[in-house]
Amino acid sequence: MNDYYEMVKNLISEQLRGIYVRDLILLVLVALLVIVIVKALMLKKGKEVSKGQLILTFCTICYAGVLLMITIFRRESGSRTGNISIHLNLGSIRGGWYRVKQAAYSILNVLLFVPWGFLLRLKRFNDGHVRAFFMTALTGFLTSFTIEFFQLATKRGIFEVTDLVTNVSGTVIGAIMATVVIAIAALKKQDKKNE
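Residues numbered from 1 in each chain as written. Predicted model: local features only at pLDDT ≥ 70, side-chain atom pairs only at ≥ 80, totals over all residues. Heavy atoms only, no water.

Draft legend 1. Geometry of the pattern of salt bridges. Considering all chains together, one arrives at 3 salt bridges under this definition. For Glu 48, the salt bridge identified is with Lys 39, shortest N-O distance 3.8 Å. Take Glu 48: its relative accessible area is 63%, and that puts it in the exposed class. Overall, Lys 39 belongs to the partly exposed group, its relative accessible area being 25%. (Salt bridge = Lys/Arg side-chain N within 4 Å of Asp/Glu carboxyl O. Buried < 20%, exposed > 50% of the residue type's maximum accessible area, 1.4 Å probe, protein only.)

Pasting the structure below:
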């Protein structure tokens with residue numbers, strides 16, 4: 001079990017290599033600038049924007065930046081082969097080193113997109129559950145497809161169907177979690193009205 005733990009720890013470290021605190025600070029500053037501009041434009045139009053919406057937009061921009069850092073920007077152009085892999089390989093916790101490593105990558109890809117799905121679903125708070133869920137999953141797919149395509153075009157990675165499947169799965173899990181949070185919040189609101 002310690003071997004698995006060490007492998008996952010090393011994979012996470014490998015995936016975060018090339019991301020520096022200065023990059024994260026710059027990302028936060030850009031997100032804050034976008035929020036200030038959005039708020040100013042909305043006020044100019046006479047529309048009010050809630051603090052919750054601004055915070056959610058800020059978090060979404062920051063997480064989009066983190067996604068891009070991990071999947072694209074930290075990698076040097078031309079550093080990968082730029083191939084297409086249509087083979088679905090989720091790995092296995094039983095078997096050789098390669099299968100275990102692939103399983104760890106698959107789990108990490110799912111986990112990477114869970115916050116993305118959560119944030120996207122919260123952004124669609126006022127939509128119906130089915131529409132919001134579908135649009136969140138579609139946006140997760142388009143995000144993953146764009147990343148995979150960009151990795152292929154710039155040779156910063158491999159276009160992998162496995163990544164598409166795991167990323168969309170993570171988005172869906174995040175959307176389910178957000179839907180549960182929204183439902184609980186609605187029940188609590190209803191209970192307060194009934195008191």
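Draft legend 2. Quick peek at the environment of Met 7. Following the sequence through the fold, Met 7 ends up in helix H1 (residues 2-16). By relative accessible area, Met 7 is classed as buried at 15%. As for Met 7 and Phe 159, which are separated by 152 residues in sequence, their C-alpha atoms are 23 Å apart. (Helix = DSSP H or I, 4+ residues; strand = E, 2+ residues; numbered from the N terminus.)

Draft legend 3. Molecular detail of the nonpolar core. Among the nonpolar cores identified, the biggest contains 17 residues, and Tyr 63, Leu 67, Leu 112, Phe 113, Trp 116 and Leu 122 are the most heavily contacted of them. Elements with a minimum of two residues in this core: helix H3 (51-73), helix H4 (97-123) and helix H6 (161-194). Contacts of Tyr 63, omitting those with residues within four sequence positions, involve Leu 111, Leu 112, Pro 115, Trp 116 and Leu 119. Listed in part, the 5 residues of the second largest apolar core include Met 7, Leu 11, Val 100 and Ala 104. (Core = buried A, V, L, I, M, F, W, Y, C linked by side-chain atoms within 4.5 Å. Contact = heavy atoms within 4.5 Å.)

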